[in-house]
Amino acid sequence: MSGKVKGTLVIIGGSEDRKHKCLILKRFVELAGGEKARLAVITAATAKPTSVGSFIAAFFRSWGCRMWQF
C-alpha cells in the first residue's frame with residue numbers, strides 16, 4: 001500500500017461490556033458511521049468462530065449496522 005491511509009482502527013478483545021452501557025462498542029459504531037455503519041466481523045481468536053461471529057453480528061445488527069461476517 002502506498003501513501004497514507006486515513007481511518008480509525010479499533011481492536012476489541014472479547015471482554016468488553018455487551019450487557020450494560022456498552023461504551024466501547026457504542027464508540028466503535030459511532031466511529032464507523034453510526035446507523036449507516038457497515039461492519040465486518042472477523043473472528044480470529046476463538047475456538048468457535050461461527051457461533052461467536054454470529055452472536056457479534058446479531059449484536060451490531062440490533063443497532064442498525066449492516067454486517068459482513070467472515
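- Within an unreviewed UniProt entry, the label attached to the protein reads Cyanophycinase (Part 1), and the organism entered is Syntrophaceticus schinkii.

**Points about helix α1 (residues 23–32)**
Logical step 1: Within α1 the residues assigned to the buried category are Leu-25, Phe-28 and Val-29. One face of α1 carries all of its buried residues, which in axial projection span an arc of 95 degrees. Of the exposed residues in α1, those oriented more than 90 degrees away from the buried face are Leu-23 and Glu-30.
Logical step 2: Looking at the buried residues of α1, the elements they touch are β1 (38–41) and α2 (49–61).

**A short note on the nonpolar core**
Logical step 1: In this structure, Leu-39, Phe-60, Cys-65 and Met-67 are the most contacted members of the largest nonpolar core, which totals 13 residues.
Logical step 2: Counting residues per element, the ones that place at least two in this core are α1, β1 and α2.
Logical step 3: For this core, the element with the highest residue contribution is α2, accounting for 4 residues.
Logical step 4: With sequence-adjacent residues up to four places away left out, Leu-39 is seen in contact with Phe-28, Ala-32, Phe-60, Cys-65, Arg-66, Met-67 and Trp-68.

Rules of the game
- Residues numbered from 1 in each chain as written.
- Predicted model: local features only at pLDDT ≥ 70, side-chain atom pairs only at ≥ 80, totals over all residues.
- Heavy atoms only, no water.
- Buried < 20%, exposed > 50% of the residue type's maximum accessible area, 1.4 Å probe, protein only.
- Helix = DSSP H or I, 4+ residues; strand = E, 2+ residues; numbered from the N terminus.
- Arc of directions from axis to C-beta.
- Contact = heavy atoms within 4.5 Å.
- Core = buried A, V, L, I, M, F, W, Y, C linked by side-chain atoms within 4.5 Å.

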